[in-house]
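# Descriptive structure summary
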Amino acid sequence: MRRRSAAIQRKGKYSREEVANAAVELRETTGEPTALAFAFVTSDYVPHLEEFSEIVRVDGHVIELVGATGAGVTGGGEENEEGGGFALLALGAEPGVFDVRTFDQARLEESTEPAFWQKLCGIKNPGAWIALTNPFRFDTESWLAEWNSAWPDVQCVGGLAAGQNDGEGVAVFHNGGLFDAVLISVRGLRVMSIVSQGCRPIGEPLT
């Protein structure tokens, strides 16, 4: 039987009970443990990320939880840019399809060549990469140039964490821990990229 994916969204300030209810709904919708789930939260959730992640993983039966902050939350056909909230996306895939790696700016400053990243990751033949980075703490542009040289034929998609313009309340996280960058290798699934709000890109890139 094919595994099911699920998307859950909640509005409002952080509430342990609300997160637990959402996690249970996620578990009941998927019907089995989730290998990887994404969580996107507003900045006011940052002080609670450790507890938030534990609840989602335990009550939602999520093995790996990765996520980032945003200025708003989009889900269920609705875009919410006012007030707090969070959205969860559980991917219906078998364990072993995803491998998560975390980095900080210090690692980037240590790198001298593309082979540095290959050795550090220890992952051979990834089908695709999904990246979440904190642009206020991580030189994403420099890192991406090196990363694409390390895996020239492997697509890398993802996004930048957002929040306040001064960088406060901006975070990227994995299982409750804060990092400058989180990378997920994908094997056995086809990754198709689209832009925000689910729109497919058209025309020439506009910088």
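Summarised in this report is the structure supplied together with it.

Rules of the game
Residues numbered from 1 in each chain as written. Predicted model: local features only at pLDDT ≥ 70, side-chain atom pairs only at ≥ 80, totals over all residues. Heavy atoms only, no water. Helix = DSSP H or I, 4+ residues; strand = E, 2+ residues; numbered from the N terminus. Rg over C-alpha atoms; globule rule 2.2 N^0.38 Å. Buried < 20%, exposed > 50% of the residue type's maximum accessible area, 1.4 Å probe, protein only. Contact = heavy atoms within 4.5 Å. Areas by Shrake-Rupley, 256 points an atom, 1.4 Å probe, with all protein chains shown as cover. Arc of directions from axis to C-beta. Axes fitted to C-alpha atoms, helices over the stretch in contact; angles between N-to-C directions. Left-handed = near helix turned anticlockwise from the far one by under 90°. Nonpolar A, V, L, I, M, F, W, Y, C, P; charged D, E, K, R; others polar. Parallel < 35°, antiparallel > 145°, perpendicular 65-115°, else oblique.

A tally of regular secondary structure across the protein chain gives five helices and twelve strands. Whereas a compact globule of 207 residues would reach a radius of gyration of roughly 17 Å, the protein chain reaches 17 Å, a difference of no more than 12%. Residues counted as buried form 41% of the 207 residues belonging to the protein chain. Taking the intrachain contacts of the protein chain between residues at least 6 apart in sequence as the baseline, contacts between residues at least 24 apart amount to 82%. As presented, the protein chain carries roughly 11500 Å² of accessible surface, and 48% of it is formed by carbon and sulfur atoms.

The next thing to look at is helix α5 (residues 140–150). Every buried residue of α5 is listed here: Thr140, Trp143, Trp147 and Ala150. Buried residues of α5 fall within an arc of 85 degrees about the axis and therefore sit on the same side. On its buried face, α5 is in contact with β7 (98–103), α3 (105–110), α4 (114–121), β8 (128–133), β9 (156–160) and β12 (181–186).

Another point: the packing of helix α1 (residues 16–30) against helix α2 (residues 49–60). Contact geometry of α1 with α2 gives a least axis separation of 8 Å together with a crossing angle of 35 degrees. Crossing of α1 over α2 shows right-handed handedness. The segment α1 lies against α2, with Arg16, Val19, Ala20, Ala23, Val24 and Arg27 engaging Glu51, Phe52, Ile55, Val56, Asp59 and Gly60. Class assignment for the residues of the contact of α1 with α2 results in seven nonpolar, one polar and four charged.

Moving on to the environment of serine 53. Structurally, the position occupied by serine 53 is in helix α2. Ignoring any residue separated from it by four or fewer positions in sequence, one finds serine 53 in contact with Leu65, Phe173, Asn175 and Gly176.

Here we come to the packing of α4 against α5. One can describe the packing of α4 onto α5 by two numbers: an axis separation of 8 Å at closest approach and a directional angle of 75 degrees. With respect to their mutual orientation, α4 and α5 come out roughly perpendicular. Within the contact between the two elements, α4 uses Pro114, Trp117, Gln118 and Cys121 and α5 uses Trp143, Glu146, Trp147, Ser149 and Ala150. Within the contact of α4 with α5, the residues separate by chemical class into six nonpolar, two polar and one charged.

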